[in-house]
Amino acid sequence: MDLTIEKDAAAPAASPIKISLKNVYKIFGERPETALEQLKSGRSKPEILADTGCSVGVNDASFDIMAGEIFVIMGLSGSGKSTLLRLLNRLIEPTAGAIEIDGVDVTQISSRELIDLRRRDISMVFQSFALLPNRNVLQNAAFGLEVAGIGESERKEKALNALRAVGLEGYAESHPDQLSGGMKQRVGLARALASEPTILLMDEAFSALDPLIRTEMQDELVRLQGEHSRTVVFVSHDLDEAMRIGDRICIVENGNVVQIGTPDDIVLNPANDYVRSFFRNVDVSRVFKAGDIARQTQVTLIERQGVSAAATLERMKSYDREYAIILGRDRTFHGIVSRTSLVDNIRNKVIDPYRNAFLTDVEPILASEPLSDVLGRVASSSSPVPVVDERNRYVGSITKSALLETLDRTT
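Residues numbered from 1 in each chain as written. Predicted model: local features only at pLDDT ≥ 70, side-chain atom pairs only at ≥ 80, totals over all residues. Heavy atoms only, no water.

The chain goes by Quaternary amine transport ATP-binding protein in an unreviewed UniProt entry, where it is assigned to Pseudochelatococcus contaminans. Quoted verbatim from the Sequence similarities (unreviewed entry) field of the UniProt record, the comment on the chain reads "Belongs to the ABC transporter superfamily." (UniProt positions renumbered as here; feature names shortened; annotations may be inferred.)

In structure tokens form, the structure reads like this:
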């Protein structure tokens with residue numbers, strides 16, 4: 001076990017809740033109240049459809065979306081993912097439940113208040129570019145502001161800022177037919193950003209693009225998020241996309257929220273076979289970072305004046321460890337010693353046997369390195385490989401067995 005490392009006393013403060021769904025239902029059809037009663041009594045979706053002609057779109061959804069995160073909703077076609085998204089700004093009205101934005105239940109506000117909320121705080125990007133062919137790029141980017149009644153000079157300034165953010169300022173006077181598909185989607189994104197929303201809703205926004213441009217747009221979204229953190233709710237049916245951009249992923253099936261978690265949480269601990277089927281062939285070496293699988297199971301010793309090779313060796317023997325991680329008082333990584341190197345130095349009466357027992361062929365790995373980049377180093381190392389943060393503080397170690405266990409759990 002680790003004898004010296006303690007958790008940081010102060011964990012970073014959690015982000016505030018931006019959107020909260022509480023027991024939200026959506027039932028399509030002419031008898032939603034009857035269908036809702038049957039659903040709450042335990043009848044299945046097919047039974048309700050056969051009896052009432054109503055389709056259950058969302059069934060008792062309750063979860064929070066944090067401010068500043070990219071929250072991806074994914075599922076198979078017809079699972080209810082787009083319905084969930086459109087409930088957030090009431091493009092679809094919920095049958096029951098509460099949807100709170102910044103603590104205000106938007107299901108209870110007036111039509112005028114809803115319009116103000118959409119203009120002020122929420123923008124939406126669809127799969128279709130929906131650009132007006134008779135307007136140039138700048139006019140398309142400013143269109144939402146124009147509808148909202150913003151003055152010409154102000155909307156031009158905001159639209160130019162949005163185009164600059166997506167790298168299209170130089171195309172302001174071009175028309176849609178002069179742009180590539182990726183550029184058109186950037187204009188659509190700029191139009192959504194022009195109103196400076198705190199919430200960005202994206203419904204399969206990149207699915208119509210070819211794979212290369214799609215990847216570029218994913219990178220663009222992540223870049224923009226780094227420059228100006230918004231709450232992004234992104235619907236996708238593409239696993240690679242969800243894993244690439246999502247801070248958390250929400251898996252839905254037949255209108256039910258099945259599991260919510262970080263990509264690595266869901267990969268390693270799928271809630272059921274439906275979730276497992278999504279992630280069965282995921283290359284986890286490209287999902288995880290070294291810090292994600294580093295474990296604090298090695299003996300760690302604080303380096304100080306007077307420490308001896310014999311005392312270090314006894315400590316390792318008492319915990320049945322072949323290696324020990326040597327740290328400074330500030331938890332910085334100093335090196336690694338082995339029982340073999342210590343014993344050899346003691347037997348050979350080497351000067352300063354403790355200091356000369358440090359293994360010279362073991363270099364630490366940064367916690368932020370992708371696992372795919374360190375597989376070879378771990379596989380070829382005879383000792384656990386230490387993992388450190390950007391300040392060289394010890395995070396843990398990766399052993400061959402821990403690596404194999406991580407890779408095996410997703411096959």
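Q: What's the story with the pattern of salt bridges in this structure? I'm lost.
A: A side chain of one charge can pair with a side chain of the opposite charge if their charged atoms are brought near each other. A full pass over the atoms with the stated rule returns 20 salt bridges. The closest approach of N and O atoms between Asp-102 and Lys-18, which form a salt bridge, is 2.9 Å. One end of the pair, Asp-102, is in the loop between β4 (96-101) and β5 (104-105); the other, Lys-18, is in strand β1 (residues 17-28), with 84 residues separating them in the sequence. On the basis of relative accessible area, Asp-102 is assigned to the partly exposed category, the value being 44%. Glu-69 is the salt-bridge partner of Arg-248, the closest N and O atoms lying 2.7 Å from each other. One end of the pair, Arg-248, is in strand β9 (residues 248-253); the other, Glu-69, is in the loop between β2 (55-66) and β3 (70-74), and 179 residues separate them in sequence. Across the pair, Glu-69 and Arg-248 agree in class, each one buried. Among the charged side chains, a network of salt bridges with common partners joins Arg-186, Glu-220, Arg-223 and Glu-227. (Salt bridge = Lys/Arg side-chain N within 4 Å of Asp/Glu carboxyl O. Helix = DSSP H or I, 4+ residues; strand = E, 2+ residues; numbered from the N terminus. Buried < 20%, exposed > 50% of the residue type's maximum accessible area, 1.4 Å probe, protein only.)

Q: Quick question: what am I supposed to make of the layout of surface pockets here?
A: Where empty space is left in the structure can be found by rolling a water-sized probe over the atoms. As a volume, the largest pocket reaches approximately 750 Å³. Taken together, 25 residues line the largest pocket, and the ones lying closest to its centre are Arg-118, Ile-122, Ser-123, Met-124 and Gly-144. Looking at the lining of the largest pocket, the elements with two or more residues in it are α4 (111-120), β6 (122-125), α6 (143-147) and α8 (181-193). Among the residues making up the lining of the largest pocket, the classes are represented as 14 nonpolar, seven polar and four charged. (1 Å grid on protein atoms, 1.4 Å probe; cavity = no way out; pocket = protein on both sides within 12 Å on 5 of 7 lines; lining within 4 Å. Points joined across faces, edges and corners; volume = space filled by probe spheres on them. Nonpolar A, V, L, I, M, F, W, Y, C, P; charged D, E, K, R; others polar.)

Q: Mind showing me how you'd approach the domain arrangement of the chain here?
A: By a frequent convention, interface size equals the accessible area lost on bringing the separate parts together. The domain architecture assigned to the chain consists of domain 1 (2-15 + 67-91 + 109-121 + 197-282) and domain 2 (291-407). Here domain 1 and domain 2 have C-alpha centroids that lie 38 Å from each other. (Domains from an automatic or database assignment.)

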